[in-house]
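The residues making up each chain are set out below.
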Amino acid sequence: MNVSAYSIVALCAGALFYFGATSHWVEASSAEPQSAEQLAQGQRVYDDNCQVCHGRSRISDGSTPDLRQFSRGEEAFRTMLAEGFYPMPSFEGEFSEDEIVALWSYVSSAGE
Ligand code: HEC
């Protein structure tokens, strides 16, 4: 790397640091409302991984908890996914952060 390229990198890093330290509003705006796209992604993850036991559209046949009733919040949901809940397997490392967020928005949504 030559000197001028190096100084450009340094400049960018400086700018990033500057904006990172000053833009508090970026954090405040990161909690986006559920989008249709996110729900659709969540449903895909659900259909591929959870439907087999928890039923089509989250409607349980009675042999597993009905996920439309799950009311303990996102933290408990994430713990459930990571640790499993015998006989439910652990899904630790199976999903990206985006997929987990989408899955939660689907599971916690009111719609069918
Ligand atoms: C092999 C079948 C199976 C699969 C696959 C499965 N689950 Fe489960 N799940 C269960 C069973 C059975 C329970 C109840 C365990 C118990 O009560 O001991 C459960 C419990 C849960 C609970 C707790 C419900 C409550 O009200 O306590 C959540 C949340 C949950 N599952 C979410 C999911 C999600 C999300 C997926 C897909 C990523 C999934 N499960 C995949 C069988 C499964």
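Residues numbered from 1 in each chain as written. Predicted model: local features only at pLDDT ≥ 70, side-chain atom pairs only at ≥ 80, totals over all residues.

We now examine the overall build of the protein chain. Of regular secondary structure, the protein chain possesses six helices and zero strands. In the protein chain, the succession of α and β elements from N to C terminus is α-α-α-α-α-α. Across the 112 residues in the protein chain, those meeting the buried criterion constitute 9%. Summarising the internal contacts of the protein chain: among those between residues at least 6 apart in sequence, 60% fall at separations of at least 24. (Helix = DSSP H or I, 4+ residues; strand = E, 2+ residues; numbered from the N terminus. Buried ≥ 20, exposed ≤ 12 C-beta atoms within 10 Å, placed from the backbone. Contact = placed C-beta atoms within 7 Å.)

Contacts to the ligand come from 20 residues, most closely from N49, C50, C53, P65 and M88. Here the shell around the ligand is built from residues that sort into 17 nonpolar, three polar and no charged. (Near = placed C-beta within 6 Å. Nonpolar A, V, L, I, M, F, W, Y, C, P; charged D, E, K, R; others polar.)

Right, let's talk about unusual backbone geometry for a bit. Y86 connects to P87 through a cis peptide bond whose omega is 5 degrees. For P87, the position within the fold is in the loop between α5 (73-83) and α6 (97-107). Unusually for a residue other than glycine, S57 sits at a positive phi of about 55 degrees. Relative to the assigned elements, S57 resides in the loop between α4 (51-54) and α5. Phi at R58 is positive, roughly 70 degrees, even though this residue is not glycine.

At 3.6 residues per turn, the α-helix brings residues three or four places apart onto the same side. By the burial criterion, the buried members of α6 are A102, L103, W104 and Y106. Structurally, α6 contributes buried residues whose contacts are with α3 (36-49) and α5.

Let us now look at the confidence of the model for the protein chain. Mean pLDDT over the protein chain works out to 81, with 69% of the residues at or above the 70 mark. Here residues 14-30 scores under 50 on pLDDT; set against residues more than four positions off or in separate chains, the count is zero contacts. (pLDDT = per-residue confidence, 0-100.)

Once that is clear, we can look at the nonpolar core. If you look at the biggest cluster of nonpolar residues, it comprises five residues: V45, A102, L103, W104 and Y106. When residues in this core are grouped by element, the largest group, four residues, is from α6. With sequence-adjacent residues up to four places away left out, L103 is seen in contact with G42, V45, Y46 and F95. (Core = buried A, V, L, I, M, F, W, Y, C linked by C-beta atoms within 7 Å.)

Another aspect to go through is the packing of α5 against α6. Taken N-terminus to C-terminus, the directions of α5 and α6 make an angle of 120 degrees; their axes are 11 Å apart at the nearest point. Considering the angle they form, α5 stands oblique to α6. Where α5 crosses over α6, the handedness of that crossing is right-handed. Residue-level inspection shows E74, F77, R78 and L81 of α5 in contact with α6, the latter providing I100, W104 and V107. (Axes fitted to C-alpha atoms, helices over the stretch in contact; angles between N-to-C directions. Parallel < 35°, antiparallel > 145°, perpendicular 65-115°, else oblique. Left-handed = near helix turned anticlockwise from the far one by under 90°.)

Following both chains from N to C, one finds α3 and α6 inclined at 95 degrees, their axes separated by 7 Å at the closest point. The orientation of α3 with respect to α6, classified from their angle, is roughly perpendicular. Each of Q38, L39, Q41, G42, Q43, V45 and Y46 in α3 lies in contact with α6, whose residues at this interface are E99, A102, L103, S105 and Y106.

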